[in-house]
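Close look at the chain arrangement
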Amino acid sequence: MNAAVATSVFGAFMVVTVALGLLAVRGRGNRGRDGLAEWSVGGRSLGTIFIWVLMAGEGYTSFSYLGAAGWGYNYGAPVLYVVAYMSCGYAVGYVVGPMLWAYARRHGLVGITDMVAHRFGRPWLGALVAVLATVFLLPYIQLQITGMGVVVSTISYGAISLNWAYFIAFAVTTGFVVVSGLRGSAWVSVLKDVLVIATLGFLAFYVPTHYFDGYGPFLDRLVTEKSEWLTFPGHGDSGLGQAWFITTSFLNSLTVVIFPTTVAGYLGAKNADVLRRNAMWLPAYNVLLFVPMLLGMAALFVVPGLVGAESNLALFRLVVDSLPAWAVGVIGVAAALSSIVPMAVFMLVIGTMWGRSVLSLVPRWQQRQKGAAQTVVVAAGVIALVLTYSAPNTLVRLSLISYEGMAQLLPMVLLGLVWRRLTLLGAMAGLVVGVGVVCGFVFTENDPVWGVNAGIVALGANLAVALAVTYAGPREHDDRPDGDVLARDEPEERQGTAGSREPELSGVAVSEASDAPAGA
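Residues numbered from 1 in each chain as written. Predicted model: local features only at pLDDT ≥ 70, side-chain atom pairs only at ≥ 80, totals over all residues. Heavy atoms only, no water.

**Focus: the overall build of the protein**
Each helix and strand in the protein was counted, giving 25 helices and zero strands. Evaluated residue by residue, the protein yields a buried proportion of 59% over its 520 residues. About 19000 Å² of surface is accessible on the protein, with carbon and sulfur atoms providing 66% of the total. (Helix = DSSP H or I, 4+ residues; strand = E, 2+ residues; numbered from the N terminus. Buried < 20%, exposed > 50% of the residue type's maximum accessible area, 1.4 Å probe, protein only. Areas by Shrake-Rupley, 256 points an atom, 1.4 Å probe, with all protein chains shown as cover.)

This is how it looks when you write it as C-alpha cells:
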C-alpha cells in the first residue's frame, strides 16, 4: 500500500511536469533559423523570475538531496564548500553574465562554443570545445540519472527496481527537453522550487523535532559526540582541509560562470539587468543547502553505520522510516525534479553545442541545426543510460575531473574575450597542458595535491603556458575591430529588450565581420 500511494503521487507529478513543458512552448513559432534560439536559449526573452528559478535549478540538483546529505554524513564541514563557491560564483556572474549576454546577442551566438569560434575566427575551434565540454558534461547526465533512479526506487519502497528507475529518469527527461527546450525547463523549475522550498522547510523543522525533541538537544549532541564533523578536515582522513576548501571554492566560483549550462541561463535572459538582479537574489537560495547537510549529520544518530554509496541515502532513510507514504512521494518528487531540471539543461546544452558547432560543419546539416541538436540530445541521453547500466564506475571517475577539467577553458573563454593579445596558439597550448595536468593528478589519485585542489594547480600551469606562448610566439593578424572580437557590457546592450531584432543564427552576420562563421 505504501508503495502504491508514493508511486501514484510521483506519477501524477510527472504528468504535470510533462504538461508544463508542453504548455511552455505552445504557440511559439520558430525564431531565427530552425528555431534554435527559441529552443536552446528561450528566444532570449526570459524575465527575472524565470531566470532565477532556472539558474537556481541548475545549482540545486539531486546532489543536494543525496550527495550533500551524504557528504554531511561522511565528512561534515568540508561539504560547506558548495555554499561558498556558489555564492562567490554569483558575485563573479554579476560582472561576467551581462558581458557574455551582450557578446552573444550582438553576434547571434548561442553558447560558449560559438563564442570561442567567433573570438578566434576558427569554426573548428568551436567543434573542439564542444567535444571537450561534452566529455566533462556527460558524467553529470549519468549522475542525475543515477540520482533520480535511486530516489524513485527508494520512494517506491523497492517496488520499482533501480534498472527501471534509471530508464524512467532517462525517458521523462529526454522527451521533455526535446519538446520544450530551455523555456520548458524554466517553467518546470517553478514547480520544482515550490516543492523544494516546501519540503526542505518542513524537514528542517520535522527531523530535529521528531528525533531529538528540537534543535537544542540535537546540536548539543552533535557538538558533544560528533565534534570532528564540525571542523576541517572533517571526519576521517579525507584530506579536505582549509587549503582544499579555499582553493576549491575559488576555482569553482570562477568555473561556474563559464559552465555551458550557466551560460545557457545567461543567454536566455531578455536583458542584462535581469542577470544583475538574478546574481543578487540567487545566494538566498543557497540557504536551502544547509538543510540536507545538517540532516545528513542528524542521520549519524538515527541510521548509523551507512558506508559507501549507502551514505547518499541518509536523508531518505529518515524520510521513509518516519513519514506517511504520500509525504514520501511528495519529497521524492521534489528530489526527482531536482534531477530532471539540471539534467534537461545539460542535455540541451550538449545538443546545442553539437548542432551549432560540430554537425553544422557538415553542409547538409547547416540548415537543420535545431533538428541536429535534438538528435544529439537523444544520443547523449542514450549513451549516459547505457553506461549507467554497463560501466557506472567509468563515468563516476570522469565526474571527478568534470569541474576541474571545465576550469581549463577559463583562459580561452574569459581571458580571450577581454584581452585581444591572447593568441589561438597560446590558448590551445594552455588548454592542452591544463587538461593533461588535471587528468594526471585525478587518475593517479593525487587530488587533492599538496593539500589543495588539483584543478587550480592545473589552471595555474594552463595560464602560465598560455601567456608564455602568446608573448613568445608571433602576433596574430586580425583586421576586425575590438568591438567584433572582445566582450563588453555596453550601455545600449545593457538595456536591450526582448523586442529587439534577433541576429540570424546561420553565421552569416558573424562571417561578415570575421570571414569565419561562428560555430557554422
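There's plenty left to go through after this.
**Remarks on the nonpolar core**
Tyr65, Met115, Ile141, Ile145, Leu203, Leu409 and Met412 are the most contacted members of the largest nonpolar core, which has 149 residues in total. Of the residues forming this core, the biggest block, 20 residues, is contributed by helix H16 (residues 325-358). What Ile145 contacts, discounting residues up to four positions off in sequence, is Tyr166, Ala169, Phe170, Met343, Gly381, Ala384, Leu385 and Thr388. (Core = buried A, V, L, I, M, F, W, Y, C linked by side-chain atoms within 4.5 Å. Contact = heavy atoms within 4.5 Å.)

**Topic: the pattern of salt bridges**
Considering all chains together, one arrives at seven salt bridges under this definition. Residues Asp193 and Lys192 are paired through a salt bridge, measuring 3.1 Å at the closest nitrogen-oxygen approach. Here the two residues Asp193 and Lys192 agree in accessibility, since each one is buried. Residues participating in the shared-partner salt-bridge network are Arg420, Asp478, Arg480 and Asp482. (Salt bridge = Lys/Arg side-chain N within 4 Å of Asp/Glu carboxyl O.)

**Here's the deal with the packing of helix H6 (residues 81-107) against helix H12 (residues 260-267)**
At a closest axis distance of 9 Å, the pairing of H6 and H12 adopts a crossing angle of 70°. Here H6 is positioned roughly perpendicular relative to H12, judged by the angle of their axes. The crossing of H6 and H12 is right-handed. Seen from H6, the contacting residues are Gly93, Gly97, Leu100, Trp101 and Ala104; seen from H12, they are Val263, Tyr266 and Leu267. When its residues are assigned to classes, the contact of H6 with H12 shows six nonpolar, two polar and no charged. (Axes fitted to C-alpha atoms, helices over the stretch in contact; angles between N-to-C directions. Parallel < 35°, antiparallel > 145°, perpendicular 65-115°, else oblique. Left-handed = near helix turned anticlockwise from the far one by under 90°. Nonpolar A, V, L, I, M, F, W, Y, C, P; charged D, E, K, R; others polar.)

**Details of the packing of aromatic side chains**
If you walk through the whole model with that rule in mind, you get 18 aromatic pairs. Centre to centre, the rings of Phe212 and Phe218 are 4.8 Å apart; their planes meet at 40°, and the pair counts as tilted. Looking at Phe218, the relative accessible area reads 1%, which means it is buried. Three or more aromatic residues link up through ring pairs in this structure, and these residues are Trp71, Tyr75, Tyr81, Tyr85, Tyr140, Trp244, Phe259, Phe346 and Tyr403. Taking the ring centre of Phe120 as reference, the NZ or CZ of Arg119 above it sits at 4.5 Å. (Phe/Tyr/Trp six-rings, centres within 6.5 Å; stacked < 30°, edge-to-face > 60°. Lys NZ or Arg CZ within 6 Å of the ring centre and 35° of its normal.)

**A short note on the packing of helix H15 (residues 314-322) against H16**
H16 packs onto H15 with a crossing angle of 155° between their chain directions and a minimal axis gap of 10 Å. Considering the angle they form, H15 stands roughly antiparallel to H16. Residues Phe316, Val319 and Val320 of H15 form the contact with H16, whose participating residues are Val328, Ile331, Gly332 and Ala335. Here the residues of the contact of H15 with H16 are counted per class, giving six nonpolar, one polar and no charged.

**Regarding helix H22 (residues 454-472)**
The end-to-end C-alpha distance of H22 is 27 Å, a good match for the 27 Å that 19 residues give at a rise of 1.5 Å each. Listing the buried residues of H22 in full gives Ala454, Gly455, Ala458, Leu459, Asn462, Ala466 and Thr470. The arc enclosing the buried residues of H22, seen along the axis, measures out at 130°, which places them on a common side. Exposed and oriented more than 90 degrees from the buried face of H22 are Tyr471 and Ala472. The secondary structure elements touched by the buried residues of H22 are helix H11 (242-255), helix H19 (402-406), helix H20 (410-418) and helix H21 (424-443). (Expected span 1.5 Å × (residues − 1). Arc of directions from axis to C-beta.)

**Quick look at helix H7 (residues 112-120)**
Extensive coverage of H7 is indicated by the burial of nine of its nine residues. Among the residues of H7, those classed as buried are Ile112, Thr113, Asp114, Met115, Val116, Ala117, His118, Arg119 and Phe120. One or two steps after H7, the chain reaches Gly121, where phi turns positive at roughly 65°.

**Some words on the confidence of the model for the protein**
In this model, the protein carries a mean pLDDT of 82, and residues with pLDDT of at least 70 account for 83%. Mean pLDDT across the secondary structure elements of the protein bottoms out at helix H25 (residues 508-514), with 31, and peaks at H22, with 97. Confidence drops under a pLDDT of 50 for residues 30-34, and excluding neighbours within four residues, the segment shows 15 contacts in the predicted structure. When the criterion is pLDDT under 50, residues 492-520 qualifies, and its contacts beyond four places in sequence or with other chains add up to 68 contacts. (pLDDT = per-residue confidence, 0-100.)

**Looking at unusual backbone geometry**
Along the chain, Phe232 connects to Pro233 via a cis peptide bond; the corresponding omega equals 5°. Residue Pro448 is bonded to the preceding Asp447 through a cis peptide linkage, with omega at 5°. Within the secondary structure, Pro448 is located in the loop between H21 and H22. Although it is not a glycine, Tyr157 adopts a positive phi angle of roughly 55°. With respect to the helices, strands and loops of the structure, Tyr157 is situated in the loop between helix H8 (123-155) and helix H9 (162-212). In this model, Glu445 sits at a positive phi of 60°, which is unusual for a non-glycine residue. Looking at where Glu445 falls in the secondary structure, it is placed in the loop between H21 and H22. On the basis of relative accessible area, Glu445 is assigned to the exposed category, the value being 62%.

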